[in-house]
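Reading the structure
Here's the letter readout for the chains.
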Amino acid sequence: SFDREHQSTYTFRLKAVDRGDPPRSSYVGVTINVLDENDNAPVIVVPSNISYKYLTPETHPGTQVNWVRAEDMDTGVNAELEYSIASGNPFQLFQISPNNGEVTLEKTIIRKHYGLHRLVVRVNDKGKPSRHGTALVHFYINETLTNQTFVETLLGHSQDTPLDIDIAGDPEYE
C-alpha cells in the first residue's frame, strides 16, 4: 500500500522487450504521484489542555487573549483547518477566528465572570469526510492571582468534567 506521508512520489523505468528476432526493446519512465487521503486528524500544538491564561477585569474587549494552533500531516483541503468554539462559552465572552485560531475577548468583564472558564475548541480539516481535534482552552479571571494552588485545583476539576458541562465564571456568584 502507498502512504503519501511516507513517500509522495515513486519514479522508475520500465523496459519492454518484444519476441522478435533479434528482440527489440524500449524504455519508458514512470512516475506515480500518491494522492492524499484524509487519514490524519488535526493535532493541537498549543495550548496544552492543562494550561490557562490569567485575565484581569481591566482586559479590554477586542484584546487577543490566547491562540490555538493545530497542525495536520495531510495536504491540500485535507490540511486546511477551521477553528470553532464547540462549547463552554455561555457568556459569549470569547470568540475564535475560524482561520487562524486567535481567541479574543468580546465583552467587558464583570463580577459574575470571575473564576475559571473552559472553552472546548474544535479544529476541523476540510477533507471529505472531515476529521477533527479538540483543545481545552482555560482562562482564569480575577482581580489578582494570589492562590496558584486554587487555580490548579480548578484545572484538575476541569479535566474530570464532561465537555458538555460549562465551566464558566464563579459558581458561587448570584
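The structure displayed is predicted, hence computed values, not measured ones.

Let's talk about the sheet that holds strand 10 (residues 115–125)
Judged by pairing direction, the sheet is mixed, and its 4 strands sit side by side in the order 4-11-10-7 without closing on themselves. Looking at the sheet topology across the chains shown, the edges are occupied by strand 4 (52–55) and strand 7 (81–87). Shown here is a sheet whose adjacent strand axes are inclined to one another by a mean of 30°, direction ignored. Packing against the sheet, helix 1 (residues 148–160) makes contact with strand 4, strand 10 and strand 11 (132–141), and its axis sits at approximately 150° to strand 11.

Structural notes on helix 1
Taking 1.5 Å of rise per residue, 13 residues should cover 18 Å, and helix 1 covers 19 Å from first to last C-alpha, within 8% of that figure. The set of residues buried in helix 1 consists of V151, L155 and S158. In an axial view of helix 1, the angular spread of the buried residues amounts to 55°, which keeps them on one side of the axis. Exposed and facing more than 90 degrees away from the buried side of helix 1 are T149, T153 and D160. Check the buried side of helix 1 and you find it contacts strand 4, strand 10 and strand 11.

A short note on the sheet that holds strand 5 (residues 64–67)
On the basis of which strands lie adjacent, the open sheet formed by 3 strands has the order 5-9-8 and antiparallel pairing. Edge positions in the open sheet fall to strand 5 and strand 8 (94–96), since each of these has one partner strand only. The sheet shows a mean angle of 25° between the axes of neighbouring strands, taken without regard to direction. Sheet topology note: the strand 5/strand 9 (residues 102–105) ladder contains 3 bridges and is antiparallel. Within strand 9, the residue paired with Q64 across the bridge is T104.

Some words on the UniProt feature "domain: Cadherin" (unreviewed entry) in the chain
Taken from the UniProt record, the annotation "domain: Cadherin" (unreviewed entry) applies to residues 2–44 and 55–150. Taken as a whole, residues 2–44 contains 0% helix and 47% strand, while its terminal C-alpha atoms sit 26 Å from one another. With 3% helix and 45% strand, the stretch residues 55–150 has end C-alpha atoms that lie 16 Å from each other.

Basis of the calculations
- Residues numbered from 1 in each chain as written.
- Predicted model: local features only at pLDDT ≥ 70, side-chain atom pairs only at ≥ 80, totals over all residues.
- Heavy atoms only, no water.
- Pairing = 2+ DSSP bridges.
- Helix = DSSP H or I, 4+ residues; strand = E, 2+ residues; numbered from the N terminus.
- Axes fitted to C-alpha atoms, helices over the stretch in contact; angles between N-to-C directions.
- Contact = heavy atoms within 4.5 Å.
- Expected span 1.5 Å × (residues − 1).
- Buried < 20%, exposed > 50% of the residue type's maximum accessible area, 1.4 Å probe, protein only.
- Arc of directions from axis to C-beta.
- UniProt positions renumbered as here; feature names shortened; annotations may be inferred.

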